[in-house]
Amino acid sequence: MHDQFGRKIDYLRLSVTDRCNLRCRYCMPEEGVVGLSHDDVLRYEELLRVAAASCRLGIRKIRVTGGEPLVRRGIVGFIGQLANLPEKPEITLTTNGIRLAEYAPGLKAAGLSRVNISLDTLKAERFKSLTRREGLEQVLAGITAVEKAGMLPIKINVVPLRNVNADEIADFARLTLEHPWEVRFIEYMPISADLDFAAEDGLPMAEVEASLGAFGALEPLPRAEAAGPARRYRLPGAIGQIGLIPSTSGHFCPECNRLRVMADGRVRGCLFDDHEIDLKQVLRGGGDDQALEALLLAAACGKPEKQQLKNSGKNAPRRRMHGIGG
Ligand code: SAM
Ligand code: SF4
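Because the structure is a prediction, the values reported are computed rather than measured. (Residues numbered from 1 in each chain as written. Chains lettered and ligands numbered in written order. Predicted model: local features only at pLDDT ≥ 70, side-chain atom pairs only at ≥ 80, totals over all residues. Heavy atoms only, no water.)

Novice: What's the story with the site of ligand 1 in this structure? I'm lost.
Specialist: In the vicinity of ligand 1 lie 18 residues, with Tyr26, Gly67, Thr94, Ser118 and Met189 positioned nearest. Here Asn157 contributes a side-chain N or O atom positioned 3.4 Å from an oxygen atom of ligand 1. Protein chains bury 94% of the 540 Å² of accessible surface belonging to ligand 1 in isolation. For the shell around ligand 1, the residue count by class is 6 nonpolar, 10 polar and 2 charged. (Near = heavy atom within 4 Å. Polar contact = N/O pair within 3.5 Å; in protein donor to acceptor, adjacent residues only side chain to side chain. Areas by Shrake-Rupley, 256 points an atom, 1.4 Å probe, with all protein chains shown as cover. Nonpolar A, V, L, I, M, F, W, Y, C, P; charged D, E, K, R; others polar.)

Novice: Please clarify how the packing of helix 3 (residues 100-110) against helix 5 (residues 136-149) should be interpreted in this entry.
Specialist: For any two helices packed against each other, the geometry is given by the interaxial angle and the distance between the axes. At a minimum axis distance of 8 Å, the contact between helix 3 and helix 5 shows a crossing angle of 20 degrees. Viewed along their axes, helix 3 and helix 5 adopt a mutual orientation that is roughly parallel. In the packing of helix 3 onto helix 5, the handedness of the crossing is right-handed. Residues Leu100, Ala101, Ala104 and Lys108 of helix 3 touch helix 5, and the partners they reach there are Ala141, Gly142, Ala145, Val146 and Ala149. Considered class by class, the residues forming the contact of helix 3 with helix 5 number 7 nonpolar, 1 polar and 1 charged. (Axes fitted to C-alpha atoms, helices over the stretch in contact; angles between N-to-C directions. Helix = DSSP H or I, 4+ residues; strand = E, 2+ residues; numbered from the N terminus. Parallel < 35°, antiparallel > 145°, perpendicular 65-115°, else oblique. Left-handed = near helix turned anticlockwise from the far one by under 90°. Contact = heavy atoms within 4.5 Å.)

Novice: Looking at this model, I keep getting lost on the side chain of Asn116. Mind explaining?
Specialist: Following the sequence through the fold, Asn116 ends up in strand 4 (residues 114-118). Of the residues examined, Asn116 reaches a relative accessible area of 2% and is grouped as buried. Residues in contact with Asn116, not counting those within four places in the same chain, are Arg63, Leu93, Thr94, Thr95, Lys155, Asn157 and Arg184. (Buried < 20%, exposed > 50% of the residue type's maximum accessible area, 1.4 Å probe, protein only.)

Novice: Explain helix 7 (residues 205-212) to me, please; I cannot follow it from the model alone.
Specialist: Every α-helix carries 3.6 residues per turn, so stepping three or four residues along brings you back to the same face. Three or more residues of helix 7 are buried, namely Met205, Val208 and Leu212. Taken down its axis, helix 7 places every buried residue within 60 degrees of arc, on the same side. More than 90 degrees from the buried face of helix 7, the exposed residues found are Ala206 and Ala210. Among the structural elements, helix 6 (169-178), strand 6 (182-186) and strand 9 (241-245) are those in contact with the buried residues of helix 7. (Arc of directions from axis to C-beta.)

Novice: Before we go on, may I ask you to explain the nonpolar core in this structure?
Specialist: Across soluble globular proteins, nonpolar side chains show a tendency to be buried alongside one another. Ranked by size, the top nonpolar core spans 99 residues in total, and within it Ile62, Leu82 and Phe185 carry the most contacts. Those residues in contact with Phe185, other than ones at most four positions away along the chain, are Val158, Pro160, Ile169, Phe172, Ala173, Met205, Val208, Ile242, Gly243, Leu244 and Ile245. (Core = buried A, V, L, I, M, F, W, Y, C linked by side-chain atoms within 4.5 Å.)

Novice: What am I meant to see in unusual backbone geometry here?
Specialist: What you tend to see is this: most non-glycine residues have negative phi, and most peptide bonds are trans. In this model, Leu152 is joined to Pro153 through a cis peptide bond whose omega is -5 degrees. Structurally, the position occupied by Pro153 is in the loop between helix 5 and strand 5 (155-158). One non-glycine residue with positive phi stands out, namely Arg132, at about 60 degrees. Tracing the backbone through its elements, the reader meets Arg132 in the loop between helix 4 (124-131) and helix 5. Here Asn163, not a glycine, exhibits a phi torsion of approximately 60 degrees, which is positive. Judged by its relative accessible area of 79%, Asn163 is exposed.

Novice: What should I look at first to understand the layout of surface pockets in this one?
Specialist: Empty space among the atoms can be located by rolling a probe the size of a water molecule over them. Taken as a whole, the second largest pocket spans an internal volume of roughly 300 Å³. Lining the second largest pocket we find 13 residues, and of these Val16, Thr17, His38, Val41 and Arg72 sit closest to its centre. Here the lining of the second largest pocket is built from residues that sort into 6 nonpolar, 3 polar and 4 charged. (1 Å grid on protein atoms, 1.4 Å probe; cavity = no way out; pocket = protein on both sides within 12 Å on 5 of 7 lines; lining within 4 Å. Points joined across faces, edges and corners; volume = space filled by probe spheres on them.)

Novice: Can you help me understand the pairing of strand 8 (residues 231-234) in this one?
Specialist: Residues in a regular strand project their side chains so that they alternate between the two faces of the sheet. Sheet topology places strand 7 (residues 219-220) next to strand 8; 2 bridges connect them, and they run antiparallel. Of the residues in strand 8, the one forming a bridge with Pro220 is Tyr233. Pairing between strand 8 and strand 9: 3 bridges, direction antiparallel. Note on strand 9: the bridge partner recorded for Tyr233 is Ile242. As consecutive antiparallel partners, strand 8 and strand 9 are separated by 6 residues, and within that stretch Gly237 has a phi angle of approximately 80 degrees, a positive value. (Pairing = 2+ DSSP bridges.)

Novice: Just to check I follow, could you spell out the pairing of strand 10 (residues 258-261) for this structure?
Specialist: Side-chain alternation along strand 10 places Arg258 and Arg260 on one buried face and Leu259 and Val261 on a second face that is also buried. Pairing of strand 1 (residues 11-15) with strand 10, which is carried by 4 bridges, proceeds in the parallel orientation. Across the sheet, residue Arg13 finds its bridge partner in strand 10, namely Arg260. Taken together, the 2 bridges between strand 10 and strand 11 (residues 266-268) define a ladder with antiparallel strand orientation. Bridge assignment links Val261 to a residue of strand 11, and that residue is Val267. Turn length for the strand 10-strand 11 hairpin, with the two strands adjacent in sequence and antiparallel, is 4 residues, and the turn residue Gly265 shows positive phi of about 85 degrees.

And the structure:
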């Protein structure tokens, strides 16, 4: 499947819920979050039908996301069904790690390939203030469990924010000296107005890169197949890697290979573009698989050439990141 600018679309981000057991201050407000109703959320059979149609169109990697995907009951079985689709897509997961220790062995057995774990601080008190919940110990236990289960390489996602966790960039980077992990710094994206941070609170990747200079010269690594937008480096003597993801300052739109399907069955071609197509009209209106594929193709064709931070489509719900899936 290609879009109108010739980009090959082979990566689907599939959000299975907009709910979460944390309240990260850069993602969700403290109060007033109205979740999707039970009826609005696609059933697993419906999500599987979307995934199957996507794979027939050429999707080869599916990242399960949320909200927090591990809070949805039945998630391990669903991941097993995704992994067993005829095209055998690669299945990956993005999670806050809170329930990973419990789920890691089952996820591995179900066919999950790899896990990205979001963790923005290594300090328990700060974790509590940034996520508005307890849980650092659980996340760290989750990372150990993923390692033990052999779902490698582990990627740790960090969103550096000024006056919040920017002073921990070196601590996170240092993890790669002793662990074969990829620590990925992701630029803060100011996509909703009701959060605690403004655009200026996010650290541009150029600043992160400059601060890593204290470790010595960074060794640039070749772009891995399907590495996505991360520029990858190795610190001198490290066994792990550093990824820098300039979500807003970077210009990786020409290489964008993604579609995003959200828990309510709407599909969007770009994280920053509110234009969406509702797959429920087919899923719940008796439409056949061809009709479903046609809508997915239309979403791919409608991908904008470049990100435009405030481009709001008609009739689109305004979403925060927990509703899109990152
Ligand atoms: N709950 C899971 C987690 O946190 O990994 C999956 C969903 S979360 C929305 C996916 C990713 O989006 C996380 O790595 C999170 O740090 C990132 N994210 C959320 N809000 C963001 C923002 N405003 N800017 C940049 N990244 C953000
Ligand atoms: Fe939840 Fe992930 Fe958003 Fe944090 S970033 S509130 S863990 S969805």
